[in-house]
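Listed below, chain by chain, are the residues.
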Amino acid sequence: DTTVTAENPAPALSALLRTGSQAEHTAAEGSSFMSELLAGRINAAGYAHFLGLLRRVYEALEDAARELRDDPLASAVIDPAIERLAALDADIEHWGATVVASPATDAYVARIQQSTSWGGLFIAHHYTRYLGDLSGGQAIGRIITREFDLDGAGVAFYSFDAVPKPKLYKDAYRARLDALPLGADERERILAEVKAVFGLNGGIFAEMTTYLDQYGR
Ligand code: 1FH
């Protein structure tokens, strides 16, 4: 029974999003492009391709954030100090820029642009990428550094200069989510968008997987 009462309060938004998207997270982790990348079996051209797609995603996210800077909901998570576009540009410079047609990225960018219609929807997009980058992304950065034998250049995307302790940042982020004045239906709408965002990321990974024979090493 999911009836919310004084004895059985609704879960905090941060817990709802984390628990409610666990199945989608696990499904994404099974993507073969990502497992090949983390096993050191993707070449530099493949990683450059992936960075080029990520750049389009973060450009859309950070354009939308500027648009929603004063939005009562979205402003709880928007923070120019964690923006990734400059870091992505530095990495793209290092790896060699690539512009590749990507229907999966087109769909994702369109959804980000639509999310500005309600701050809660944008929160879903912001949460899924930036909290992910501050979580599993930290481990991914270390693995890429090792597998490509890097000395710090080329992995700016994973290093948040303004966030010395990701755990503290994530705890404060979750507290800001949990303080938002949202009804049950609104919270469910945000969770539904988070699930959709995982699916859109999965679409990019699936698309990258179609290039595996080109990018093996
Ligand atoms: Fe993740 N993630 N993630 N993740 N992740 C964690 C938390 C989040 C991996 C590991 C972890 C993606 C991918 C991968 C989120 C989004 C996304 C945590 C920490 C770990 C260890 C859990 C904790 O703190 O208890 C690994 C490994 C991945 C690749 C192999 C992709 C799908 C991101 C979405 C776009 C989010 C939002 C969180 C925070 C949850 C929370 O609320 O605390 C990944 C899969 C990347 C496939 C690329 C390809």
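Right above here is the structure, for reference.
A.B. asks: An account of the layout of surface pockets is requested, with residue identities and associated values reported.
C.D. replies: Empty space among the atoms becomes apparent when a probe as large as a water molecule is rolled across them. Roughly 850 Å³ of volume is contained in the largest pocket. Every element with two or more residues in the lining of the largest pocket is listed here: helix H1 (13-20), helix H2 (22-29), helix H3 (32-38), helix H4 (44-67), helix H7 (119-133), helix H8 (136-147), helix H9 (166-178) and helix H10 (184-209). Element by element, the count of residues in the lining of the largest pocket is highest for H7, at 6 residues. Counted by class, the lining of the largest pocket contains 12 nonpolar, 11 polar and 6 charged residues.

A.B. asks: Explain the nonpolar core to me, and be specific about the residues and the numbers.
C.D. replies: Membership of the largest hydrophobic core comes to 68 residues, with the highest contact counts inside it found for Tyr-47, Tyr-58 and Leu-177. Among the secondary structure elements, those contributing two or more residues to this core are H1, H3, H4, helix H5 (85-95), helix H6 (103-114), H7, H9 and H10. For this core, the element with the most residues is H4, which contributes 12 residues. Residues contacting Tyr-47, with those up to four places away along its chain left out, are Leu-37, Ile-42, Trp-95, Ile-144, Phe-148, Gly-154 and Tyr-158.

A.B. asks: Explain the coordination of the iron atom of the ligand to me, using residue names and the numbers behind them.
C.D. replies: If you check the protein contacts of the iron atom of the ligand, you find one donor only, His-25 (NE2), at 2.1 Å. Mapped onto the secondary structure, His-25 falls in helix H2.

A.B. asks: Describe the site of the ligand, with residues and values.
C.D. replies: Looking at the ligand, there are 18 residues lining it, with His-25, Ala-28, Met-34, Tyr-127 and Arg-174 nearest. At 2.9 Å from a nitrogen atom of the ligand is found a side-chain nitrogen or oxygen belonging to His-25. In this structure, Tyr-127 approaches the ligand through a side-chain N or O atom, which is 2.5 Å from an oxygen atom. Of the pockets mapped on this structure, the ligand occupies the largest pocket. Only H2, H3, H7, H8, H9 and H10 provide two or more residues apiece to the shell around the ligand. Split into classes, the residues belonging to the shell around the ligand amount to 7 nonpolar, 6 polar and 5 charged.

A.B. asks: Explain the packing of H7 against H9 to me, using residue names and the numbers behind them.
C.D. replies: At their nearest, the axes of H7 and H9 sit 12 Å apart, and the two run at 165° to each other. Judged by the inter-axis angle, H7 sits roughly antiparallel to H9. When the axes of H7 and H9 are compared, the crossing they make is left-handed. Listed contacts from H9 to Ile-123, His-126, Tyr-127 and Leu-131 of H7 are Lys-170, Tyr-173, Arg-174 and Leu-177. Among the residues forming the contact of H7 with H9, the class breakdown is 5 nonpolar, 1 polar and 2 charged.

A.B. asks: Hey, could you go over the packing of H6 against H10 for me, with residue numbers and the actual values?
C.D. replies: Pairs of packed helices are described in terms of their axes, by the angle between the two and the distance that separates them. H10 packs onto H6 with a crossing angle of 160° between their chain directions and a minimal axis gap of 8 Å. Considering the angle they form, H6 stands roughly antiparallel to H10. The chirality of how H6 crosses H10 is left-handed. Here H6 contributes Pro-103, Ala-104, Thr-105, Ala-107, Tyr-108 and Arg-111 to the contact with H10, which in turn contributes Glu-193, Ala-196, Val-197, Leu-200, Asn-201, Gly-203, Ile-204 and Glu-207. When its residues are assigned to classes, the contact of H6 with H10 shows 8 nonpolar, 3 polar and 3 charged.

A.B. asks: How would you summarise the pattern of salt bridges if you had to cite specific residues and measurements?
C.D. replies: For side chains of opposite charge, pairing can occur when their charged atoms come near one another. Under the counting rule described, the total for this entry stands at 10 salt bridges. We note a salt bridge from Asp-63 to Arg-66, for which the minimum N-O separation is 2.8 Å. Of this pair, Asp-63 and Arg-66 both sit in helix H4, 3 residues apart, which is roughly one turn of that helix. Note on Asp-63: relative accessible area 40%, which makes it partly exposed. Through salt bridges that share partners, Arg-55, Glu-59 and Asp-89 make up one connected network.

The rules behind these values
- Residues numbered from 1 in each chain as written.
- Predicted model: local features only at pLDDT ≥ 70, side-chain atom pairs only at ≥ 80, totals over all residues.
- Heavy atoms only, no water.
- 1 Å grid on protein atoms, 1.4 Å probe; cavity = no way out; pocket = protein on both sides within 12 Å on 5 of 7 lines; lining within 4 Å.
- Points joined across faces, edges and corners; volume = space filled by probe spheres on them.
- Helix = DSSP H or I, 4+ residues; strand = E, 2+ residues; numbered from the N terminus.
- Nonpolar A, V, L, I, M, F, W, Y, C, P; charged D, E, K, R; others polar.
- Core = buried A, V, L, I, M, F, W, Y, C linked by side-chain atoms within 4.5 Å.
- Buried < 20%, exposed > 50% of the residue type's maximum accessible area, 1.4 Å probe, protein only.
- Contact = heavy atoms within 4.5 Å.
- Donors = N, O, S within 2.8 Å, 3.2 Å for Na, K, Ca; no water.
- Near = heavy atom within 4 Å.
- Polar contact = N/O pair within 3.5 Å; in protein donor to acceptor, adjacent residues only side chain to side chain.
- Sits in = over half its atoms within 2 Å of the grid points.
- Axes fitted to C-alpha atoms, helices over the stretch in contact; angles between N-to-C directions.
- Parallel < 35°, antiparallel > 145°, perpendicular 65-115°, else oblique.
- Left-handed = near helix turned anticlockwise from the far one by under 90°.
- Salt bridge = Lys/Arg side-chain N within 4 Å of Asp/Glu carboxyl O.

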